[in-house]
Amino acid sequence: MKKITYVALCLTLASTAILGHATASPAETTVSANQGSSAGGGEKRRLMDWVAAHAPGHMPLGRDGSVRVEGAQLVSGRLPDEGRPGEEYTVENTLPDGTVQSWGFQWKAASAVHGYGWEMTRYTFRKGSGAPAIK
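Everything quoted here is computed from the prediction, not taken from an experiment. (Residues numbered from 1 in each chain as written. Predicted model: local features only at pLDDT ≥ 70, side-chain atom pairs only at ≥ 80, totals over all residues. Heavy atoms only, no water.)

**Focus: the packing of aromatic side chains**
Here's step 1: Overall, the coordinates contain seven aromatic pairs when judged by the stated rule.
Here's step 2: Between Trp50 and Phe105, the ring centres sit 5.0 Å apart and the planes meet at 80°, which makes this aromatic pair edge-to-face. Remark: Phe105 occurs in strand β4 (residues 100–108) and Trp50 occurs in helix α2 (residues 38–54); sequence separation between them is 55 residues. Accessibility classification places Trp50 together with Phe105 in one group, the buried group.
Here's step 3: When the ring of Trp107 is compared with that of Trp118, the centres are 5.4 Å apart and the planes differ by 75°; the resulting orientation is edge-to-face. Of this pair, Trp107 sits in strand β4 while Trp118 sits in strand β5 (residues 117–126); the two residues are eleven residues apart in sequence, bridging distant segments of the chain. For the pair Trp107 and Trp118, a shared accessibility class is recorded, and that class is buried.
Here's step 4: Of the aromatic side chains, those joined through ring pairs into one cluster are Trp50, Tyr89, Phe105, Trp107, Tyr116 and Trp118. (Phe/Tyr/Trp six-rings, centres within 6.5 Å; stacked < 30°, edge-to-face > 60°. Helix = DSSP H or I, 4+ residues; strand = E, 2+ residues; numbered from the N terminus. Buried < 20%, exposed > 50% of the residue type's maximum accessible area, 1.4 Å probe, protein only.)

Set out below in structure tokens:
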């Protein structure tokens, strides 16, 4: 009986370690570029320029708020030019009036239909309380 209990315990620990490793999510990087910091101003501009170039129809509404990036390592204040298939990250732009825009991007591998690159996979917009009505 002792041997069976020992084997069951070993199997449980081994499966927990394997499953825990397999489901662990990659570390996320969050970078904030706020209006108040001089270094953040240039970095924020570069981030919003990149979003504008990669998010047709969903341009940043302003550049005077704060910008947050999750899931991407910034290189010299820039988003990565290339990625791994399935890699994703999110850029969030929060304006002073509370308006929030968020874009999700995913790296798409080359296929017979299209080339590789960052593709916008989602966009959300929440109007702030101090925002003028959009007509």
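Structure shown, so let's carry the discussion forward.
**A look at the side chain of Gln106**
Here's step 1: Here Gln106 is to be found in strand β4.
Here's step 2: Residue classification places Gln106 among the buried positions, given a relative accessible area of 16%.
Here's step 3: Of the polar contacts made by the side chain of Gln106, one reaches the backbone oxygen of Gly86; its length is 3.4 Å.
Here's step 4: With residues near it in sequence (within four places) discarded, Gln106 still touches Gly86, Glu87, Glu88, Gly117, Trp118, Glu119 and Thr121. (Polar contact = N/O pair within 3.5 Å; in protein donor to acceptor, adjacent residues only side chain to side chain. Contact = heavy atoms within 4.5 Å.)

**So, the pattern of salt bridges**
Two side chains that carry opposite charge are able to pair once their charged atoms sit near each other.
Here's step 1: For the structure shown, the criterion picks out three salt bridges.
Here's step 2: In this structure, Arg68 engages Glu92 in a salt bridge whose closest nitrogen and oxygen atoms are separated by 3.2 Å. With a gap of 24 residues between them, Arg68 in strand β2 (residues 66–70) and Glu92 in strand β3 (residues 88–94) connect regions that are remote in the sequence.
Here's step 3: Among the residues examined, Arg68 registers a relative accessible area of 29% and is labelled partly exposed.
Here's step 4: Through salt bridges with shared partners, one network takes in Arg68, Glu70 and Glu92. (Salt bridge = Lys/Arg side-chain N within 4 Å of Asp/Glu carboxyl O.)

**Some remarks on the pairing of β3**
Here's step 1: Relative to β3, β2 runs antiparallel, the two sharing five bridges. Paired with Arg68 across the two strands is Glu92, which belongs to β3.
Here's step 2: Here seven bridges tie β3 to β4, and the two strands are oriented antiparallel to one another. Among the inter-strand pairings, Glu88 is bridged to a residue of β4, identified as Gln106.
Here's step 3: In sequence, β3 turns back onto β4 through a hairpin of five residues, with Gly98 there showing a positive phi of about 95°. (Pairing = 2+ DSSP bridges.)

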